[in-house]
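# Chain and residue survey
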Amino acid sequence: MSPIFYTELACQSLDSQVLDDAMCQRLLSDPSLEILALLEAAFKVRQTYFGRVVNIHILNNAQNGHCQEDCQYCAQAKSSKADIEEYGIKPDEEILREARRAYSKGASCYCMVYAGRKASSARIERLKRILVQIKSEFPDKEICVSTGFVSVEGAQELKKAGLSRLNHNLNTSEAYYPRICTTHTFQDRLDTLLAAKKAGLQVCSGVIIGMGEDITDIIDVAKRLRFLEVESIPVNFFLPIAGQLRPEQKAPLTPDFVLRVLCLFRFLNPRADIRIAAGRELYLRAMEVMALYPANSLFLQGYLNAKGASDENTLRMIKDAGFTIKSEQKGTVPFLGTGSMDLKTLSELRPTQ
Ligand code: SF4
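Once that is clear, we can look at the overall build of the protein chain. Summing up its helical and strand segments, the protein chain has 13 helices and 10 strands in all. Here the protein chain has a C-alpha radius of gyration of 20 Å; the compact-globule value for 353 residues is 20 Å, and the two agree. Structurally, the protein chain occupies a C-alpha span of about 60 × 45 × 35 Å along its principal axes. Counting all 353 residues of the protein chain, 57% fall into the buried class. In the protein chain, of all internal contacts separated by at least 6 residues, the share reaching a separation of at least 24 is 76%. Taken as a whole, the protein chain presents about 14900 Å² of accessible surface, with 51% of it coming from carbon and sulfur.

Now for the packing of aromatic side chains. Each pair of aromatic rings is reported with the distance of its centres and the angle of its planes. As enumerated under the stated definition, the model contains 7 aromatic pairs in all. When the centroid spacing of 6.0 Å and the interplanar angle of 70° are considered together, the rings of Tyr177 and Phe186 count as edge-to-face. Using a relative accessible area of 4% as the deciding quantity, one classes Phe186 as buried. Aromatic ring contacts, followed pair by pair, group Phe43, Tyr293 and Phe323 into a single cluster. Here Arg26 stacks its cationic end above the ring of Phe5, 4.3 Å away from the centre of that ring.

This part covers helix H2 (residues 21-29). By the burial criterion, the buried members of H2 are Met23, Cys24, Leu27 and Leu28. Considered in projection along H2, the buried side chains sweep an arc of 130° and stay on one side of the axis. Put simply, Asp20 is the residue that caps the front of H2, since its side-chain oxygen is 3.2 Å from the backbone nitrogen of Ala22.

Along a regular strand, successive side chains alternate from one face of the sheet to the other. Residues Ser297 and Phe299 point to one face of strand S9 (residues 297-300) and Leu298 and Leu300 to the other, with burial holding for every one of them. As paired elements, strand S8 (residues 273-276) and S9 share 2 bridges and run parallel to each other. Within S9, the residue paired with Ile276 across the bridge is Leu298.

All chains considered together, the criterion is met by 20 salt bridges. The residue Asp214 makes a salt bridge to Lys250 at a minimum N-O spacing of 3.4 Å. Remark: Lys250 occurs in the loop between strand S7 (232-237) and helix H10 (255-268) and Asp214 occurs in the loop between strand S6 (207-209) and helix H9 (215-227); sequence separation between them is 36 residues. Among the ionic contacts, a cluster of salt bridges with common partners joins Asp92, Arg126 and Arg129.

This paragraph deals with the confidence of the model for the protein chain. Of all residues in the protein chain, 91% attain a pLDDT of 70 or more, and the chain-wide mean is 89. Across residues 330-353 the pLDDT falls below 50, and counting only partners more than four positions away or on other chains, this stretch makes 41 contacts in the model.

One way to say it: the disulfide is the covalent bond shared by the sulfur atoms of two cysteines. For the structure on display, the rule yields 0 disulfides. Between Cys109, a free cysteine, and Cys111, which holds the nearest cysteine sulfur, the sulfur-to-sulfur gap is 4.1 Å. Free cysteine Cys181: the closest other cysteine sulfur is in Cys71, separated by 4.0 Å.

Conventions and cut-offs
Residues numbered from 1 in each chain as written. Predicted model: local features only at pLDDT ≥ 70, side-chain atom pairs only at ≥ 80, totals over all residues. Heavy atoms only, no water. Helix = DSSP H or I, 4+ residues; strand = E, 2+ residues; numbered from the N terminus. Rg over C-alpha atoms; globule rule 2.2 N^0.38 Å. Buried < 20%, exposed > 50% of the residue type's maximum accessible area, 1.4 Å probe, protein only. Contact = heavy atoms within 4.5 Å. Areas by Shrake-Rupley, 256 points an atom, 1.4 Å probe, with all protein chains shown as cover. Phe/Tyr/Trp six-rings, centres within 6.5 Å; stacked < 30°, edge-to-face > 60°. Lys NZ or Arg CZ within 6 Å of the ring centre and 35° of its normal. Arc of directions from axis to C-beta. Polar contact = N/O pair within 3.5 Å; in protein donor to acceptor, adjacent residues only side chain to side chain. Pairing = 2+ DSSP bridges. Salt bridge = Lys/Arg side-chain N within 4 Å of Asp/Glu carboxyl O. pLDDT = per-residue confidence, 0-100. Disulfide = S-S within 2.5 Å.

Here it is as structure tokens:
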């Protein structure tokens, strides 16, 4: 295989060009492409914007279950038969304790997740109070909140109280959205992202791969997030939920495909925090550490109602591979001195043929 294609991926991405659909499709599906060469190309982009630093995020279900929406991938949906512990909003003191624990584990961002369609004004008031408390203790740390649909005014209030980032996942393409949810639309989700942007918040918006969508849907949502200038993109791989979607997967979630998807998101969203999220352990298995070459971030301690690897194993994996955890970062020196790949200039990278 000629190295030209790999080089062109990195060059176009670093040059802020949007890869065309043919390149994206080839990246996801051409079996003649070497995964190590793809990872090396994606790493050139990752390293340019994030060095060898890994951002750790910890999720907390501040409330669980009782949702009247029917999102087919969610254990908290009314249609779900998953055996989860349902509870209303946790007391402030408990949420605060969990925030302290998350930051002490090395998280640069603590993410509070509330189930439900929409943030009521009562919930916004409650959230503001909690945000002020967390921010007064951890002024330099990031806080992210996922709380359903939010208006511009609601988002502005949350920002004023100390919120750094609002999470609201697009999950899949606009065309495929009606297959995964009937109680709200893709446009509803888009409106919340636009409201958050308008309020001056950073936006976190993720995807779930493996819900029966086509490769074109994956490319479509990755490009949509690029055009929205989303700062943070959790890339989840579908974990089946009892009573919910049982998709026939168009492309099986092999380690090779999962890594290609992460490379695609990196090339199309070069400056975004690309987070390897749910399904990391299940689908990548022995290849898990390779995900750190396109992705610069991960979730520690599981994914809402799904358990993840132990903290210890994940932190060791990061350090053994010579990456630095953001909270331990001193300058840009890697935690272990393994010597990082030299980044060539664009002109050096581009083939002359
Ligand atoms: S709105 Fe949120 S909590 Fe409710 S079913 Fe959808 S994803 Fe789950």
